[in-house]
Amino acid sequence: MKQFLTWQTNFLGAFILIIFLNNAKTQVVPNEVTKPWYENLPAVAMDYKVHIDAGKEDCYHQYVQPGATFYVSFSVVRGGDGMAGFAVRNPHGQIVKPYQWQATADYTDEVSPGGYYSVCIDNQFSRFAGKLVNIYITVVKYDAWDKYAKEIEELQLNMNNFTTTIGTVERNINDMLAYQYHSRNREAIDFALLLDNNTYIQTFSICQIFVILVTCSVQVLFVRKLFNVKDNSRSRI
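This one's a predicted model, so the numbers in the text were calculated from it and none came from an experiment. Counting starts from 1 at the beginning of each chain's written sequence and moves along it residue by residue. Two thresholds apply to this predicted model, a pLDDT of at least 70 for residue-level local features and 80 or more for giving and counting side-chain atom pairs, whereas whole-chain, interface and lining totals are computed over all residues. The side-chain numbers reported here are obtained from all heavy atoms of the structure, hydrogens and water having been left aside.

Participant: Please clarify how the sheet that holds strand S7 (residues 115-122) should be interpreted in this entry.
Facilitator: DSSP bridges decide pairing: two strands pair if at least two such bridges lie between them. The helix and strand labels rest on DSSP assignments: H or I over at least four residues marks a helix, E over at least two residues marks a strand, and numbering proceeds from the N terminus. In space, the four strands of this open sheet follow the order S2-S7-S4-S5, with antiparallel pairing throughout. Of all the strands in the sheet, just strand S2 (57-64) and strand S5 (95-102) have a single pairing partner and so form its edges. When the angles between neighbouring strand axes are averaged without regard to direction, this sheet yields 15°. Relative to S7, strand S4 (residues 84-89) is paired through five bridges, and the arrangement is antiparallel. The residue bridging Arg89 from the neighbouring strand is Ser118, located in S7. Think of each axis as a best-fit line through the C-alpha atoms, taken over the contacting stretch in the case of a helix, with angles from 0 to 180 degrees between the N-to-C directions.

Participant: Looking at this structure, how should I read the confidence of the model for the chain?
Facilitator: Residues shown with low pLDDT carry predicted positions that ought not to be read at fine detail. pLDDT is a per-residue confidence score from the predictor, ranging from 0 to 100. With 72% of its residues at a pLDDT of 70 or more, the chain shows a mean pLDDT of 76. When mean pLDDT is taken per element in the chain, S7 scores highest with 90 and helix H1 (residues 2-26) scores lowest with 44. By the convention used here, residues are in contact when the closest approach between their heavy atoms is within 4.5 Å. This stretch, residues 1-33, has a pLDDT under 50; its non-local contacts, to residues over four places away or in other chains, come to zero contacts.

Participant: What is the right way to look at the pattern of salt bridges in this model?
Facilitator: Where charged atoms of side chains with opposite charge meet at close range, the side chains can pair. We define a salt bridge as a contact between a side-chain nitrogen of Lys or Arg and a carboxyl oxygen of Asp or Glu at a distance within 4 Å. A complete count under the given rule lists three salt bridges for this structure. Among the ionic pairs, Arg78 bridges to Asp196, the shortest N-O distance being 2.8 Å. With a gap of 118 residues between them, Arg78 in strand S3 (residues 69-78) and Asp196 in helix H3 (residues 160-226) connect regions that are remote in the sequence. By relative accessible area, which is 35% here, Asp196 ends up partly exposed. Measuring nitrogen to oxygen at the nearest pair gives 3.3 Å for the salt bridge that ties Lys131 to Asp81. Taken as a pair, Lys131 in strand S8 (residues 131-140) and Asp81 in the loop between S3 and S4 lie far apart in primary sequence, 50 residues in all. Burial status follows relative accessibility: with a 1.4 Å probe on protein chains alone, a residue under 20% of its type maximum counts as buried, one over 50% as exposed, and anything between as partly exposed. Residue class for Asp81 comes out partly exposed when judged on its relative accessible area of 47%.

Participant: How should I be thinking about the layout of surface pockets in this particular structure?
Facilitator: One simple way to see leftover space: roll a probe sized like a water molecule over the atoms. The distinction between a cavity and a pocket rests on a 1 Å grid over the protein atoms alone: a 1.4 Å probe fits inside a cavity but cannot get out, while a pocket stays open yet meets protein on both sides within 12 Å along at least five of seven lines, and a residue with an atom within 4 Å of a point counts as lining. Grid points are joined across faces, edges and corners, and a volume is the space filled by probe spheres set on the points. Size it by volume and the largest pocket reaches roughly 180 Å³. In this structure, the largest pocket is lined by Thr69, Tyr71, Thr108, Glu110, Thr138, Tyr142, Arg171, Asn174, Asp175 and Ala178. If you list the elements that add at least two residues to the lining of the largest pocket, you get S3 and H3. For the lining of the largest pocket, the element with the highest residue contribution is H3, accounting for four residues.

Participant: Explanation requested: the sheet that holds strand S1 (residues 43-52) in the structure shown.
Facilitator: Each strand in a sheet pairs with another by means of backbone hydrogen bonds, the pair being arranged parallel or else antiparallel. With antiparallel pairing, the four strands of this open sheet are ordered in space as S1-S8-S3-S6. The open sheet is flanked by S1 and strand S6 (104-109), the only strands paired with a single partner. The average undirected angle you get between the axes of adjacent strands in this sheet is 10°. Pairing analysis gives six bridges linking S3 to S6, with the strands arranged antiparallel. The partner of Ser75 across the bridge, within S6, is Thr104.

Below is the structure:
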């Protein structure tokens, strides 16, 4: 009888545990996955290298919080004539950076209305050569430091100078990151040019060696023919 009660108690406990787990699975908050993971970050910086095929156009989308500063920079690293078409659309679908065929360009929106910006790279004029393009994007919320200042003011601390200093440091860091991006971009362009020159020199050198070998062989053949003497065994007597 005691074993039966123990088995019955274990069965009841397992049944209650299964019901609890099923209820926990069904309680899902639907609004937690609708926002980007970086929405609450004060600053986001992204650096991409993308390959655009010949005759193609690619567009990329970046979410920007309302009131944040949006900055995007393009640069063609290698391929074809070293230029491509760039255009930027704001969250309302308006073209804020008109389409231009150039090697590098950038765009800044100091106060964004909030939403998804569309960044398009066009390589339709190049029918045979693909392009390697650098894209650098930053999203900075300078007003995030004001929120920190308000929280500190609630503790009756005067942090005006501290907040101003932190804001200046944040702007300087953003400028430094942009400068580092341009430096890396120039390094990538120089490295791509170095590889192209190395390939060109190797190909040209191999062709020259082949031409020299063929020329020497032809010269030796003709010189040997000059010294060939015909043996006339018949006499004229």
